[in-house]
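Tertiary structure, described
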Amino acid sequence: MTIGKQHEELEVRLENKALEQVTEFVYLGGLITEDSRCTNDIKRRIGLACAMFGKLNIDMGSKQHIDKN
């Protein structure tokens, strides 16, 4: 992937195999895009957080999940 305003097709080879050129990838938990903007990364992280809260299956308005002991 090349990062910057100009989109340039490159052919990178590793052991005689051409590597795929991508427009975005996840590196160390962050979404790296070719235009170096972070809006897609923020949306992705919000989506991941919402999915995890959904898996908790806790109704935050309910007091049933509070242990009174």
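This one's a predicted model, so the numbers in the text were calculated from it and none came from an experiment.

**Describing the pattern of salt bridges**
As enumerated under the stated definition, the model contains three salt bridges in all. A salt bridge links Asp41 to Arg44; the nearest nitrogen and oxygen atoms lie 3.7 Å apart. With Asp41 and Arg44 both in helix α1 (residues 39–56) and three residues apart, this pair spans about one turn of that helix. Among the residues examined, Asp41 registers a relative accessible area of 13% and is labelled buried. With a shortest N-O distance of 3.2 Å, Arg45 and Asp41 are connected by a salt bridge. Placement of both Arg45 and Asp41 in helix α1 is noted, with a separation of four residues, approximately one turn of the helix. Sharing partners across several salt bridges, the network here consists of Asp41, Arg44 and Arg45.

Scoring rules and cut-offs
- Residues numbered from 1 in each chain as written.
- Predicted model: local features only at pLDDT ≥ 70, side-chain atom pairs only at ≥ 80, totals over all residues.
- Heavy atoms only, no water.
- Salt bridge = Lys/Arg side-chain N within 4 Å of Asp/Glu carboxyl O.
- Helix = DSSP H or I, 4+ residues; strand = E, 2+ residues; numbered from the N terminus.
- Buried < 20%, exposed > 50% of the residue type's maximum accessible area, 1.4 Å probe, protein only.

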